[in-house]
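# Remarks on the overall topology
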Amino acid sequence: MAVQTIAPGVLEVGASHPDRRLFDALMPTVHGTSYNSYVVQGTETTALLDPVDEVKASVLFANLAEAGVKRLDYIINLHTEQDHSGSTRMLLERYPEAQLVGTAKVAGLMETHLHLAAGRFLILKAGDRLELGGKTLVCHPIPFAHWPDNTMYWLEEDRILFSSDLFGAHYARPDNVFATNSTELRQAARAYFSEIMMPFSTPVARFTKQVRALNPLMIAPSHGQIWYDPDFILSRYERWTGSAKRRAVIIGYVSMHGSTHRIVEKLAVELARRGISVVCRNLVDEPADLMLESGQLIDDMVDAAAALIATPTVLGGPHPAAAYLAILMNALKPGLRYFGVVGSWAWQTKAAETLNALTANLRAECLSPLMIEGLPTAEDEAKIADYAAALAEKLEAMEDVLD
Ligand code: FEO
C-alpha cells in the first residue's frame, strides 16, 4: 500500500493485509484487513499514530522512507493489541530519538504485552494536547472500544479524528485510501462491528455520540478505509448500537441425518410466508465451514430481531458445532429480542438446556424449545408451523428497520 496524503502534513503510511483470512484466529476477514498508520507533520515535530502488525513492519518502513520521514519525535500508541503495537519495538530501533506516547492504560498494557517499560511513555490523559507546531493532537480515551486502552486523537486544525479500532473495517484497502461506500466496504464494516464492537454496544453508543458532537471532517480508523463522509459510518453505528431491529430470524443449524434440516426448512418456509426475513446457514456443510459460517451468522445478527440454533442431539447434548455457535454468541452478545433452540432427538435430549445455558449472556427473551423426536411427522410439521407463527407474531408486533 503506497503512501497517501490525506490532508496537508497528514499521511497514511500503514500496510494492507489482503490475504488475512481470520482475525483473532476467530472471525473471517473475507476482504482481508489493513493496519493503518498515520504521520502528522507539524512545523516543529512529527508524530506517528499507531505502528502496524509486526508481520507488516517492512511495509511501514518502506512507506516512511518513501514519504521522506527521517525523524519521528513521537510514536503514539492508540491501543496495545499487537496488530497495531507489534512493530513498536522495531520502529523505535529505526527512530531511536522518538518518544513513546500513550495513556497510562496504554503504557501499562504495553509493559504487559510487549515488555516495553511503562516508564518509557509520555503519559497523556483525556483532554491533554500534544503540540507539533501548527498541528495539535488532543487525547480522547475510549475505554472498552474494545480494549480498556483504546484512545482516539483529534487533530484540531484539520478536524480529523484518528479513532483507533472504533469505526474500522477489515478491508484490505486498494490504493485509494478514502471510503468508496461500496457494498463490500459496508459489509466489512458491519462484520467488523459484530466481532469487535458489538460486545461493548453501550459504551460504543456513547462514544459515537461524542464523535457526532466533534463534527469531524474525516474519521481515520486503524483498520480499513478513511471515512470522508463521517455520517455514513456514524449513522450505521447509531443503528447497530440501538434497540431497533429488523424483522429477521437468523438460523444456524447442523443436521446429521436430515431431521433437523427438515425442521429448519419448514420453519424457514413458514416464517417467509408471513413476510419475515430468514437467513439459514449450515454450520458444517464442509468441515472448514464452522468458523466461516458462525462468523457470518454473528454478522447477520447485528440488527436482527431473532436467532435460532437448530441442532440434532449427540449423546444427549447439542452437536458440538451448535455449541461453538452458542459460545460465540454468548461472547459477542448480539442485541437479539428473541432466541430459541430447535432440533431433533432419538432417545433422550438435554440439547436445549445446554445451549440455553451456553447463551446466558444474551438479553433476549428465551423461546420454549422445539425438539422433535426423529424425522418430523405431519403432526410435528404442524407444531413447527405453530412455532413459526408464534415467532412471526412477536416480530410483526415490533417496528421494522431497513438494512
Ligand atoms: Fe485492531 Fe484491537 O486491534
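Placed above this text is the structure.
Description of the structure in this document. Quantities reported herein were computed from a predicted structural model and do not represent experimental measurements.

Scoring rules and cut-offs
Residues numbered from 1 in each chain as written. Predicted model: local features only at pLDDT ≥ 70, side-chain atom pairs only at ≥ 80, totals over all residues. Heavy atoms only, no water. Buried < 20%, exposed > 50% of the residue type's maximum accessible area, 1.4 Å probe, protein only. Helix = DSSP H or I, 4+ residues; strand = E, 2+ residues; numbered from the N terminus. Pairing = 2+ DSSP bridges. Right-handed = clockwise from strand over helix to strand, strands pointing away. Axes fitted to C-alpha atoms, helices over the stretch in contact; angles between N-to-C directions. Phe/Tyr/Trp six-rings, centres within 6.5 Å; stacked < 30°, edge-to-face > 60°. Lys NZ or Arg CZ within 6 Å of the ring centre and 35° of its normal.

Next up on the list: the pairing of strand β23 (residues 370-373). Here β23 shows one buried face, formed by L370 and I372, and one open face, formed by M371 and E373. Of the strand pairs in this sheet, strand β21 (residues 338-345) and β23 are connected by 4 bridges, and their pairing is parallel. When the bridges of β23 are listed, W345 appears paired with E373.

This part is about the pairing of strand β10 (residues 99-102). Relative to β10, strand β9 (residues 74-76) runs parallel, the two being bridged by 3 bridges. Within the sheet, the bridge partner assigned to Y74 lies in β10 and is Q99. With 3 bridges joining them, β10 and strand β11 (residues 121-123) adopt parallel strand pairing. Among the inter-strand pairings, V101 is bridged to a residue of β11, identified as L122. Chirality of the crossover, the property in question, places the unit of β10, helix α4 (residues 104-114) and β11 among those that are right-handed.

Let's shift gears to the sheet that holds strand β15 (residues 160-162). Taking strand neighbours across the sheet as the criterion, the 5 strands line up as β12-β13-β14-β15-β16 in an open arrangement whose pairing is mixed. Strand pairing shows two members of the sheet lacking a second neighbour, β12 (129-131) and β16 (218-220), which therefore form its edges. The average undirected angle you get between the axes of adjacent strands in this sheet is 20°.

Under the definition given, this model contains 7 aromatic pairs. Residues F193 and W240 carry aromatic rings whose centres are separated by 5.3 Å and whose planes lie at 45° to one another, so their mutual orientation is tilted. On the criterion of sequence distance, the pair formed by F193 in helix α5 (residues 183-197) and W240 in helix α7 (residues 230-240) is long-range, its members being 47 residues apart. Accessibility assignment for this pair places F193 and W240 in one class, buried. An aromatic cluster is defined as three or more aromatic residues linked by ring pairs; in this entry it consists of F167, F193, Y237 and W240. One residue, R236, lies across the ring of F232, its end atom 4.1 Å from the ring centre.

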